[in-house]
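Residues per chain are reported as follows:
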Amino acid sequence: MLESPLHIQVILPLALRGAFTYRVPEEIAPDVEVGKRVVVPFGKRRYYSVLVYKMGVDVPKGTRPKDISYVMDDIPVVTDLQFTFWEWISDYYISGLGPVMNTALPNALKLSSRTSVSLHPEFDSYEEFSDDERMIIAQLSTHEQMEVSQLEALASKRSIQRAISSLLKKGVVITSEEMKPQAKPRMIERIELSAEFRDEERLNETIESLSNAPKQFELLMRFLEITGGDIKAAVNRTLLLQRSSASPAILRSLLDKGVFSSLEILAHGEESTGDQEVVLNADQRDALVDLKAQFEEKICALLYGVTGSGKTMVYAELIKEMLAQGKQVLYLVPEIALTTQLVERMKKLVGEEVHVYHSRFTDRERLTTWMRLLDSGGEEIVIGARSALFLPFHNLGLIIVDEEHETSFKQHESAPHYHARDAAIWLANKVGAKVLIGSATPAVESMFSARRNKFGLAELKRRYADVQMPSIHIVDMTKSKRADVMDASFSGELVEGIKAALTQKQQVILFQNRRGYAPYLMCESCGWSAECVNCDVNLTFHKHFEKMLCHYCGYSYKLPKHCPQCQSAKMKVKGFGTEKIESQLENIFPEARIARMDLDTTRKKNAFQNLITAFEEGSIDILVGTQMVTKGLDFENVGLVGVLNADGLWNRPDFRAFERAFQLLTQVSGRAGRKGRRGRVMIQTYRVNHPVLEYVVNHSYEAMYQHQIAERQQFLYPPYARIIQFKLMHQDAKFNREAAQFFAGLLRERFERRVLGPEEPPIPRIRGRYIRQIYLKLEQGVSLGKTRQAIWECIDILEGHESYRKVKLQVDVDPV
Ligand code: ADP
Ligand code: ZN
Ligand code: ZN
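Throughout what follows, the structure given in this document is the object of discussion.

What counts and how
Residues numbered from 1 in each chain as written. Chains lettered and ligands numbered in written order. Predicted model: local features only at pLDDT ≥ 70, side-chain atom pairs only at ≥ 80, totals over all residues. Heavy atoms only, no water. Near = heavy atom within 4 Å. Polar contact = N/O pair within 3.5 Å; in protein donor to acceptor, adjacent residues only side chain to side chain. Areas by Shrake-Rupley, 256 points an atom, 1.4 Å probe, with all protein chains shown as cover. Helix = DSSP H or I, 4+ residues; strand = E, 2+ residues; numbered from the N terminus. Nonpolar A, V, L, I, M, F, W, Y, C, P; charged D, E, K, R; others polar. Pairing = 2+ DSSP bridges. Axes fitted to C-alpha atoms, helices over the stretch in contact; angles between N-to-C directions. Donors = N, O, S within 2.8 Å, 3.2 Å for Na, K, Ca; no water. Tetrahedral: all angles 85-135°; square planar, octahedral: opposite > 155°, others 65-115°. Buried < 20%, exposed > 50% of the residue type's maximum accessible area, 1.4 Å probe, protein only. Salt bridge = Lys/Arg side-chain N within 4 Å of Asp/Glu carboxyl O.

### Details of the site of ligand 1
Alright, step 1. Taken together, 16 residues surround ligand 1, and among them Val279, Gln284, Gly308, Thr312 and Asp634 come closest.
Alright, step 2. Threonine 312 places a polar side-chain atom, nitrogen or oxygen, 2.7 Å from an oxygen atom of ligand 1.
Alright, step 3. Residue tyrosine 464 places a side-chain N or O atom 3.0 Å away from a nitrogen atom belonging to ligand 1.
Alright, step 4. Protein chains bury 87% of the 560 Å² of accessible surface belonging to ligand 1 in isolation.
Alright, step 5. With three residues, helix α11 (residues 311-324) is the largest single contributor of residues to the shell around ligand 1.
Alright, step 6. Tallied by class, the residues present in the shell around ligand 1 amount to five nonpolar, six polar and five charged.

What follows is the structure, given as structure tokens:
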């Protein structure tokens, strides 16, 4: 009997909405399975590896599907559960399946003709390879890096991607992304005194003998200074070189002499000891009992615990119980930066091997974790950024969303604009798992769900070991200025505060919302100011590079000596960023050891980890930083936290600005005095009477919550309404305006007065594209299914429109 040929639907890794139909040639039909990748031709002479999504589908009328070329995988790399999850994301966040797959799959599973590959630097051949594989290895040994399409041109296109994929799995070949400098922080090199130099006499002899080698002498003295006399201590190599201003050659000579020896340790924790017994205190025990009781009925519970109350300990206890039941645990953190400290803590507390999954890890490492989970059944803990939600779990028991109020759980950069906390709840519901969300400053929506009994709720009202909450002091900058006690950006009070902390051998964290040196460059003669050519924003002056830089598109140019408009030389920088704060501090406290933590200083491999370690070891006195210093870090000896300019935090035209300002100020304050003595916080502002400050000073989340919830109810904002945001973007301002009007019209036909806009956003142009935004505000009770359908109708009309289809449309459901 003649069977009709098999047709399948595949998902392409492109910004396309639907699935595409292909025909399966008979000879490879037995190998085709849902969840495997196959290579297909697409467009002109392009080949992609795509995912088999559905089998045995009908051929859409009037089309003649092309043949798939080759099957790449021996086993499916995506599970049914994952597909179902993707479908939900695509549906809820109004995004095509292509973008969802792109977000969900690790790069190494997304080979296309344009991917660049090269040989792994440590590759030495011993395995048996196929002809294709050998050809690729030979090519890559002579070319440093090649595009897949170049390799395809050298052999049969159909099989080359399969061979590359196999070499990727074997670790012989890596994708170009892995060659970027900011790869995963891996090994840290530490320097210690060699054992035979660890006695005083021997050490003194050495010091004397170095009197004719001043640089080596200085290096050794610095080492002793950092270790504070602990002769067994080891010091981070980078830090030692930084502190001593010694060259690597000088360090080498001391290593060669045997005075120092060096040891490499894994950046996140030496070994998994698991020996640290978790003993919860009474509050924590109560919270744990509460949570477990509530999980009997509810999928999600909120652990609302003040900063330093030990939420991590409660998580750890729950994690242990889950692992003991053979379940998998996913622990989501908002900031990649946080994982290193956390992984170390978790290894000690839980003792299991901890998988880490986020963008600082290389493609190959992420692929390894993916493949491991694919055929594992349980007892695993994965710590990761929001994308870890897309891993192939089989037996998920618990998802923890730590610092759940953080906006980095939302994908901002590209579609789908999903929120990891909300998606986690869907996923847990699907597989019968639980979600524990935790924060000292829960999102207003989360607390609302808890108060309405949708989520469970447990509280930790006190800090661990009864450490007091920090005392918070508001510094009036208007007065401070008048009295002329300002030293640069610092009030007299803050300077005194820092002095006092340093005298008591305590550390200081200073928070400034802006990186760079100064956010404005202005001509004093004609008022000209430096603006980006692509975006409607001022350029920030970065002293270190002597450059003006745009923080939105990266555009930069050299600091002009003369005004481009009037040729005057009276150019002045205004305002202050972290870089300027740092240099002012160096003048005020020449003795102090100062470091800066922001995007600019943490780009390099290991840089972030080095800063954290150095601060933990006490070899930094004052740490200046942006948002990065506010988040969840746990340091023992911070006596003072200073906020240089609070005003910038609430001056935003956004209904969440008030909540965000409260969260940020409370979180950064929470870094003070976490162990032992009560910490102090000083907040500088020109508006001492701003209501948010009162709530922060009194540690009153509750009052902030009531204030906000009343406002949201009155003006119909979440949680009392649902918001869907549309952004239209195009290079031509007028055209974009018209397209936005057109699209708003389509929406109005279907949603009437619920449509707001189009309006100009606070930054009307970014990366050369003008932006218009439209809001859809849906009161409670509106059917979401129907809403989405109507929105898709509007999108279809726009995308089918002769000219307006050229604008880029971005849909954001529940924007944050
Ligand atoms: P949070 O996440 O709530 O801000 P952490 O979990 O970081 O608080 O805990 C704050 C500090 O208190 C940490 O240094 C932690 O080691 C310590 N701590 C909290 N609970 C305990 C406990 N039960 N036993 C020992 N140390 C604890
Ligand atoms: Zn001028
Ligand atoms: Zn720009």
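### Notes on the sheet that holds strand β24 (residues 556-558)
What links the strands of a sheet is backbone hydrogen bonding, and the strands pair in either a parallel or an antiparallel sense.
Alright, step 1. The strand order across the open sheet formed by three strands is β22-β23-β24, and the pairing between neighbours is antiparallel. Across the chains shown, the open sheet's two edge strands, defined by having one partner strand only, are β22 (540-542) and β24. Sheet twist, expressed as the average angle between the axes of neighbouring strands with direction ignored, equals 30 degrees.
Alright, step 2. Inspection of the sheet shows strand β23 (residues 547-549) paired to β24 by three bridges, in the antiparallel sense. Each residue of the ladder has a partner; that of methionine 548, found in β24, is tyrosine 557.

### Thoughts on the coordination of the zinc ion (ligand 2)
Alright, step 1. Looking at the zinc ion (ligand 2), one finds its protein donor set to be Cys523 (SG), Cys526 (SG), Cys563 (SG) and Cys566 (SG), positioned 2.3 to 2.4 Å from the metal centre.
Alright, step 2. Bound by four donor atoms, the zinc ion (ligand 2) shows angles of 106 to 113 degrees at the metal and therefore tetrahedral coordination geometry.
Alright, step 3. The sequence motif formed by the donor residues of the zinc ion (ligand 2) is C-x2-C-x36-C-x2-C. Here cysteine 526, found in the loop between β21 (520-523) and β22, pairs with cysteine 563, found in the loop between β24 and β25 (571-574); they are 37 residues apart in sequence, far enough to count as distant.
Alright, step 4. You can call cysteine 563 buried: its relative accessible area is 0%.

### Points about the pattern of salt bridges
Alright, step 1. In the structure shown here, the tally under the stated rule is 33 salt bridges.
Alright, step 2. Here glutamate 33 ties to lysine 36 by a salt bridge, and the two come within 3.4 Å at their closest N and O atoms.
Alright, step 3. By relative accessible area, which is 6% here, lysine 36 ends up buried.
Alright, step 4. Put simply, aspartate 600 and arginine 515 hold a salt bridge, and the shortest N to O gap is 3.0 Å. With aspartate 600 in the loop between β26 (594-597) and α19 (607-617) and arginine 515 in the loop between β20 (507-511) and β21, this residue pair connects regions lying 85 residues apart in the sequence.
Alright, step 5. Residue classification places aspartate 600 among the buried residues on the basis of a relative accessible area of 18%.
Alright, step 6. On the basis of relative accessibility, which here comes to 15%, the residue arginine 515 falls in the buried class.
Alright, step 7. Shared partners join several salt bridges into a network, and the residues in it are Glu404, Arg421 and Asp422.

Shape descriptors only; they carry no functional weight alone.
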